[in-house]
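# Analysis of the macromolecular model
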Amino acid sequence: ANAPILCYLETSDSLTGDERWLVKELSHNLKNSNDLRLKAMQIIVRPHPFKSYFGNFSFPGVYVIPKEGTWPKDKESIQLYFDTLYFSFAAFGVNTSGFIDAVCCDKPIVSLNLAQYKKTQMETEHFRYLVENDVLEIADRQDLMEVLAKLLAGEDRRRLQRADFVKKFIRPLGLDKSAGEAAAREIEGIALRKVV
């Protein structure tokens, strides 16, 4: 319980395919780090809700929660998803809309700069928004451990950008306004315009 947790958010199979190799490499690099905080780090993999390669995955220091990819839809599964993000010091992945959820939980988000994923990353609207708003930390393979160590030490240079992103992109009508009520008003407005 006292060891730091990094949440790995699996990307949709249609964008990246099997990411187990990346989680193994990440875990291996953490365990072989000279930084004792990184060496002690645990990885919780959050499987993609539609298709996941992590169902029977087993690797030291890596925990797949939940075992099967599931969309958070009831109170218990939503709470599990929230807790996974909340108790992690950061979220890591290739390209997932789960990054938006992590930003809403005020967690740093980190992605890896790999040529094989570049095209799918930049062609995805939410990923581009994160990059354009300077919310996403993009690391190269050689500096990833340094990036994680700094975040773990509290050197979070994108905290203000995350807060601005939430205000601008997630809750543009204000943090005190109900998103559900705002959506309902828009839908009613569209329905009324079509009737008239």
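Structural notes, computed from the coordinates.

Below, the discussion takes up the sheet that holds strand β3 (residues 62-64). Strand order in the open sheet formed by six strands is β3-β2-β1-β4-β5-β6, with parallel pairing between adjacent strands. Taken across any chain shown, the strands that pair with only one partner, and hence form the sheet edges, are β3 and β6 (136-139). Taking each pair of neighbouring strands and ignoring which way they run, the sheet shows an average axis angle of 30°. Strand direction decides the pairing type here: strand β5 (residues 109-112) and β6, joined by four bridges, are parallel. For Val110, the partnering residue across the bridge sits in β6 and is Glu137. Taken strand by strand, helix α2 (residues 20-31) contacts β1 (5-9), β2 (42-46), β3, β4 (90-93) and β5, and its axis lies near 165° from that of β2.

Turning next to helix α8 (residues 144-152). Because an α-helix completes one turn every 3.6 residues, residues spaced three or four positions apart along the sequence face the same direction. Buried within α8 are the following residues: Leu144, Met145, Val147, Leu148, Ala149 and Leu151. Against β1, α2, α3 (36-39), β4, β5 and β6 lie the buried residues of α8. At the C-terminal side of α8, Gly154 shows a positive phi close to 95°.

With that out of the way, let us pick up the packing of α2 against α8. Axis separation between α2 and α8 bottoms out at 11 Å; the angle between their running directions is 70°. Classified by the angle between their axes, α2 and α8 sit roughly perpendicular to one another. Handedness of the α2/α8 crossing: right-handed. For the pair formed by α2 and α8, the contact residues are Leu26, Asn29 and Leu30 on the first element and Leu144, Met145 and Leu148 on the second. A breakdown of the residues in the contact of α2 with α8 according to their chemical character gives five nonpolar, one polar and no charged.

A separate point is a nonpolar patch on the surface. Together, Phe82, Tyr86 and Phe87 make up a nonpolar patch on the protein surface, roughly 340 Å² of accessible area in all. Tracing the sequence through the fold places Tyr86 in helix α4 (residues 75-86). For Tyr86, a relative accessible area of 44% puts it in the partly exposed group.

As for its position among the elements, Ile109 is in strand β5. As for Ile109 and Phe92, which are separated by 17 residues in sequence, their C-alpha atoms are 5.8 Å apart. Non-local contacts of Ile109, meaning those with residues more than four positions away in its chain, are made with Ala91, Phe99, Ala102, Val103, Leu130, Val135, Leu136 and Glu137.

The next thing to look at is unusual backbone geometry. The amide bond that connects Ile65 to the next residue, Pro66, takes the cis arrangement and shows omega of -10°. With respect to the helices, strands and loops of the structure, Pro66 is situated in the loop between β3 and α4. Phi is positive for Asp106, which is not a glycine, with a value near 60°. For Asp134, which is not a glycine, the phi torsion comes out positive at approximately 55°. By the element assignment, Asp134 lies in the loop between α7 (125-132) and β6. Residue Asp134 is classed as partly exposed on the basis of its relative accessible area, which comes to 34%.

What counts as what
Residues numbered from 1 in each chain as written. Predicted model: local features only at pLDDT ≥ 70, side-chain atom pairs only at ≥ 80, totals over all residues. Heavy atoms only, no water. Pairing = 2+ DSSP bridges. Helix = DSSP H or I, 4+ residues; strand = E, 2+ residues; numbered from the N terminus. Axes fitted to C-alpha atoms, helices over the stretch in contact; angles between N-to-C directions. Contact = heavy atoms within 4.5 Å. Buried < 20%, exposed > 50% of the residue type's maximum accessible area, 1.4 Å probe, protein only. Parallel < 35°, antiparallel > 145°, perpendicular 65-115°, else oblique. Left-handed = near helix turned anticlockwise from the far one by under 90°. Nonpolar A, V, L, I, M, F, W, Y, C, P; charged D, E, K, R; others polar. Patch = residues over 30% accessible without salt bridge, like charges linked within 9 Å, V, L, I, M, F, W, Y side chains within 5 Å. Areas by Shrake-Rupley, 256 points an atom, 1.4 Å probe, with all protein chains shown as cover. Salt bridge = Lys/Arg side-chain N within 4 Å of Asp/Glu carboxyl O.

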